[in-house]
Amino acid sequence: MAFDIMKLFEDEGYVSPGSIGGKIKKIRELRGLTQKELGIKCGFSLSTADVRIAQYEKNKKVPREKALKDITGALNIDEWALFDADLLPYNRMYHALFDMEDFHGLHPVKKDDGIYLEFSGHTTLGQDINRHDFYDFLQQWYDMYQKYLPTSADTKEEKEHKAKEYALWRYEYPQNAAAETTKRIQNHMKMNSLQAQIDALNAEMQTESELARIDAELKSELDLAHSSYKDIKKESELILVIKDLLDEGVPIERFTPESRPQLDLDHIHILSIKTNDLILYKSYFARFMCCIETMQKAGINIDRKITSKNKELYLTYEIVSSQYKYIDNLLKHWEDMIYISERIGSWSDADINDLNNRFLNEITTDDVAY
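Because the structure is predicted, anything quoted here is derived from the model rather than measured. (Residues numbered from 1 in each chain as written. Predicted model: local features only at pLDDT ≥ 70, side-chain atom pairs only at ≥ 80, totals over all residues. Heavy atoms only, no water.)

### Looking at the side chain of Asn 329
Structurally, the position occupied by Asn 329 is in helix H13 (residues 328-332). Apart from the residues lying within four places of it in its own chain, the contact partners of Asn 329 are Glu 235, Ile 239, Ile 363, Asp 366 and Asp 367. (Helix = DSSP H or I, 4+ residues; strand = E, 2+ residues; numbered from the N terminus. Contact = heavy atoms within 4.5 Å.)

### Considerations on the packing of helix H2 (residues 20-30) against helix H8 (residues 156-172)
Contact geometry of H2 with H8 gives a least axis separation of 10 Å together with a crossing angle of 125 degrees. The orientation of H2 with respect to H8, classified from their angle, is oblique. The two elements H2 and H8 meet at a crossing, and its hand is left-handed. Of the residues in H8, those in contact with Lys 23, Lys 26, Ile 27 and Leu 30 of H2 are Lys 164, Ala 167, Leu 168, Arg 170 and Tyr 171. A per-class count over the contact of H2 with H8 returns 5 nonpolar, no polar and 4 charged. (Axes fitted to C-alpha atoms, helices over the stretch in contact; angles between N-to-C directions. Parallel < 35°, antiparallel > 145°, perpendicular 65-115°, else oblique. Left-handed = near helix turned anticlockwise from the far one by under 90°. Nonpolar A, V, L, I, M, F, W, Y, C, P; charged D, E, K, R; others polar.)

### Side note on helix H10 (residues 235-247)
Between its first and last C-alpha atoms H10 spans 18 Å; for 13 residues at 1.5 Å apiece the expected length is 18 Å, and the two agree. Residues of H10 that are buried: Glu 235, Ser 236, Leu 238, Ile 239, Val 241, Ile 242, Lys 243, Leu 245 and Leu 246. In the core, the buried residues of H10 are packed alongside strand E5 (252-253), strand E6 (267-274), helix H12 (282-297), H13, helix H14 (334-343) and helix H15 (349-363). A positive backbone phi angle near 85 degrees is found at Gly 249, which sits one or two residues after H10. (Expected span 1.5 Å × (residues − 1). Buried < 20%, exposed > 50% of the residue type's maximum accessible area, 1.4 Å probe, protein only.)

### Structural notes on the sheet that holds strand E8 (residues 312-320)
With respect to topology, 4 strands assemble into an open sheet ordered E5-E6-E8-E7, the strand pairing being antiparallel. Unpaired on one side and paired on the other, E5 and strand E7 (302-309) mark the two borders of the sheet. As paired strands, E5 and E6 are joined by 2 bridges and run antiparallel to one another. In the strand pairing of E6, Ile 252 is matched with Ile 273. Packing of helix H9 (residues 175-228) onto the sheet brings it into contact with E7 and E8, and relative to E7 it is tilted by some 125 degrees. (Pairing = 2+ DSSP bridges.)

In structure tokens:
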């Protein structure tokens with residue numbers, strides 16, 4: 001039945017559908033509940049369940065905070081959906097929009113084809129509103145509005161169903177949106193966890209054969225590097241070797257590429273490189289491998305292993321956490337090394353030399369001997 005707004009002024013007993021009572025009644029009917037059934041779901045006694053709901057729906061009584069929470073919980077809607085904002089009278093709607101201007105930056109803007117309302121600008125709360133602040137809300141609203149918009153091909157029953165679903169979506173908002181987001185996050189986490197297990201299994205299955213392939217491919221380059229290599233004595237020398245790799249464009253990974261099924265607190269990542277890239281850059285990487293051998297001879301516990309991410313295999317170097325001090329400066333200066341390497345070729349040689357000298361001074365300040 002169509003709503004007659006004049007009844008608001010002619011009949012003192014008429015309940016506006018925009019009032020708390022009117023909203024309770026509308027949502028109860030959308031849920032297909034009787035007054036008694038809703039009252040029982042709220043925890044009211046069998047003898048008074050229907051009476052209490054009837055009083056609320058007729059606005060004879062205003063539900064207190066606990067009763068309001070019980071009702072919204074029983075109706076499975078957001079608590080603010082029953083906020084008493086009866087905006088059917090135009091004057092109330094006008095001043096509600098003025099309040100939204102004060103608190104949320106809503107204001108009219110003129111465009112070629114008409115006047116629109118926009119969230120932007122300054123508020124009385126001292127907050128500047130960007131039109132993107134409400135974008136997600138407006139996008140979800142628009143999507144649902146379009147989804148449930150009736151078409152000429154819809155039957156009467158289909159139109160009624162769409163109207164019901166759209167109304168319930170609004171009353172449940174933003175709980176429904178939060179629930180969907182939570183579900184997506186949980187599913188994403190499950191997929192990540194599953195992918196991490198697959199990657200770990202892939203790495204485990206191929207570790208032996210991949211390490212053997214790397215050793216065979218790098219043998220001649222490693223022998224050549226050993227012939228001219230001098231043992232490094234301190235951490236700054238290791239850092240400079242890694243910096244040289246970055247300067248040459250070797251695609252090494254600063255952070256572990258793998259998504260681990262569980263956190264490894266016993267080891268700290270040094271660097272990784274795709275095994276196929278390692279073969280391509282083996283002449284550059286051989287000197288780094290000599291440095292690792294020197295550190296291992298000095299009693300520093302560094303492991304190499306095969307890791308995997310999205311079916312890509314990596315050679316990964318890690319150090320035990322208890323020996324963190326031996327790579328502390330390296331971890332601190334990664335950003336500096338990347339900054340310098342990105343400017344090689346675009347800066348003058350003099351500027352790059354100056355930058356490298358300052359970098360050398362920084363990494364030798366707290367140097368650690370091996």
